[in-house]
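# Residue-level structural notes
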Amino acid sequence: MSSPANEPENEPAGDSAVPAEALPVVAPQLRALRRRAALTLEAAARAAGLSPAHLSRLETGQRQPSLPMLLALARIYGTTVSELLGERVADRDAVVRGGDMEPTAAGGWTYWQAGAPGRGMQALRVHVPYGSQGDIVRVHPGEEWLYVLKGRLRLRLGDAAHRLAPGDSAHFDSLTPHRIAAQDDGGVELLFVHTLLQSPTATLCLGPTPGETP
């Protein structure tokens, strides 16, 4: 797995540079929440497995964060992806209406919040296009549960590779290195639930493992 020192030469696919004005909320939120967590740029970047230069580009809107990066930074800053995206919900309603779910794109994925922000778990409906982020390895404290709605999923847990069809699910310890990718050209749609641990040391490792496919 790539180390943070090598990260600028091996930045994950899907983090294409975009103008700062294209991210009017995310970029300043990333900086404000890092400062609220009393973390230096170097400390936060190290915890997320990024270089300080890459995190700085995210905070100034020169790079678009991927969903795995947002999940990592949310854990490090003790917040939620919703807050990183500047979303605010007045009340934590028990019911989330389908018509109220606004799609958000991050690193090639499209996802919809399927639960209220600020909870101990986050629930998402996620669409993963074929070929998007299949080489990103994720490692972090907590648990994940996913359920395949449409399409077929390639899931690697540690050294084991799995193929999941609609109706299949997986529930695993997030400290197990894991990768997910769509098996078919049409992509895959998932229900995805993960625990949000308020840990300043939570990390999420990014980058391909050479010579392997999920």
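Residues numbered from 1 in each chain as written. Predicted model: local features only at pLDDT ≥ 70, side-chain atom pairs only at ≥ 80, totals over all residues. Heavy atoms only, no water.

## Thoughts on the overall build of the protein
Applied cut-off: Helix and strand definitions here come from DSSP, where helices need a minimum of 4 consecutive H or I residues and strands a minimum of 2 consecutive E residues; each element is numbered from the N-terminal end. For every residue, the accessible area (1.4 Å probe, protein chains only) is compared with the maximum for its type, and the residue is labelled buried under 20%, exposed over 50%, or partly exposed between those bounds. Pairs of residues are marked as contacts when any of their non-hydrogen atoms sit within 4.5 Å. Surface accessibility follows the Shrake-Rupley procedure with a 1.4 Å probe radius. Residue values consider only the protein chains on display as shielding.
Of regular secondary structure, the protein possesses five helices and nine strands. Going from N to C terminus, the protein has its helices and strands arranged as α-α-α-α-α-β-β-β-β-β-β-β-β-β. Within the protein, the fraction of its 214 residues that count as buried is 45%. Here the contacts in the protein between residues at least 6 apart in sequence split such that 72% fall between residues at least 24 apart. For the protein, the exposed area adds up to about 9,800 Å²; of that, 53% sits on carbon and sulfur atoms.

## Brief notes about the side chain of His194
In plain terms, the rule: For this analysis, a polar contact is any N or O atom pair within 3.5 Å, provided that within protein one partner can donate a hydrogen and the other can accept it, and provided that sequence-adjacent residues contribute only side-chain to side-chain pairs.
Inspection of the secondary structure puts His194 in strand β9 (residues 188–195). The class for His194 is buried, based on a relative accessible area of 1%. Among the polar contacts made by the side chain of His194, one reaches the side chain of Arg75 at a distance of 2.8 Å.

## A short note on unusual backbone geometry
Both trends apply: most residues other than glycine have a negative phi, and most peptide bonds are in trans. Notably, Ala38 is not glycine yet its phi reads approximately 60°, a positive angle. Mapped onto the elements of the fold, Ala38 is located in the loop between α1 (26–36) and α2 (41–48).

## Comments concerning the environment of Trp109
With respect to the helices and strands, Trp109 occurs in strand β2 (residues 109–113). Each C-alpha atom, one on Trp109 and one on Gly187, is 9.9 Å from the other, the two residues being 78 residues apart in sequence.

## A short note on the environment of Leu30
As for its placement among the helices and strands, Leu30 is situated in helix α1. Residue Leu30 is classed as buried on the basis of its relative accessible area of 0%. In the structure, Leu30 is positioned 53 residues away from Glu83 in sequence and 9.4 Å away in space, judged by C-alpha atoms. Setting aside residues up to four positions removed in sequence, Leu30 forms contacts with Leu58, Glu59, Leu73, Tyr77 and Leu84.

## Notes on the sheet that holds strand β6 (residues 160–164)
Threshold: One requirement defines pairing of two strands: DSSP has to find at least two bridges between them. Axis definition: a line fitted to C-alpha atoms, limited for helices to the stretch in contact. Angles are taken between N-to-C directions and run from 0 to 180 degrees.
One open sheet accounts for three strands, arranged β6-β5-β8; its pairing is antiparallel. Each edge of the sheet is formed by a strand with only one pairing partner; in this case those strands are β6 and β8 (178–182). Between one strand and the next, the sheet's axes are offset by a mean angle of 15°, whatever the strand orientation. Here strand β5 (residues 153–157) pairs with β6 via five bridges, running antiparallel. Paired with Leu155 across the bridge in β6 is His162.

## As for the sheet that holds strand β3 (residues 121–128)
As summarised here, the arrangement of the six strands in space is β1-β2-β3-β9-β4-β7, forming an open sheet in which the pairing is antiparallel. Either end of the sheet is taken by a strand with one partner, and the two such strands are β1 (104–106) and β7 (169–173). Pairs of neighbouring strands in the sheet enclose a mean axial angle of 25°, with direction left out of account. With four bridges connecting them, β2 and β3 associate as antiparallel partners. Following the sheet pairing, Gln113 is matched in β3 by Leu124.

## What about the packing of α2 against helix α4 (residues 67–77)?
Heads up, the condition is: For this classification, under 35 degrees means roughly parallel, over 145 means roughly antiparallel, 65 to 115 means roughly perpendicular, and everything else is oblique. For a crossing to be left-handed, the near helix must be turned anticlockwise from the far one by less than a right angle; the clockwise case is right-handed. Each residue is assigned to one class: nonpolar for Ala, Val, Leu, Ile, Met, Phe, Trp, Tyr, Cys and Pro, charged for Asp, Glu, Lys and Arg, and polar for all the others, Gly among them.
One can describe the packing of α2 onto α4 by two numbers: an axis separation of 10 Å at closest approach and a directional angle of 125°. In terms of axis orientation, α2 runs oblique to α4. Considering how the two elements wind past one another, α2 and α4 form a crossing that is right-handed. Across the interface between the two elements, Ala44, Ala47 and Ala48 of α2 pack against Leu73, Ile76 and Tyr77 of α4. Of the residues assigned to the contact of α2 with α4, the class counts are six nonpolar, no polar and no charged.

## A short note on the nonpolar core
Cut-off, in case you're wondering: What we call a nonpolar core is a set of buried Ala, Val, Leu, Ile, Met, Phe, Trp, Tyr and Cys residues that are connected through their side-chain atoms within 4.5 Å.
Leu55, Tyr77, Leu84, Tyr111, Leu146, Leu153 and Leu155 are the most contacted members of the largest nonpolar core, which has 42 residues in total. With eight residues, α4 is the single largest residue contributor to this core.

## As for the packing of α2 against helix α3 (residues 52–59)
The geometry of α2 relative to α3 is characterised by a closest axis approach of 8 Å and an angle of 105° between their N-to-C directions. Our classification of the angle between α2 and α3 gives roughly perpendicular. For the pair α2 and α3, the contacting residues are Leu41, Glu42, Ala44 and Ala45 in the first and Pro52, Leu55, Ser56 and Glu59 in the second. Of the residues belonging to the contact of α2 with α3, the class tally is five nonpolar, one polar and two charged.

Purely spatial values, then, with no claim about function.
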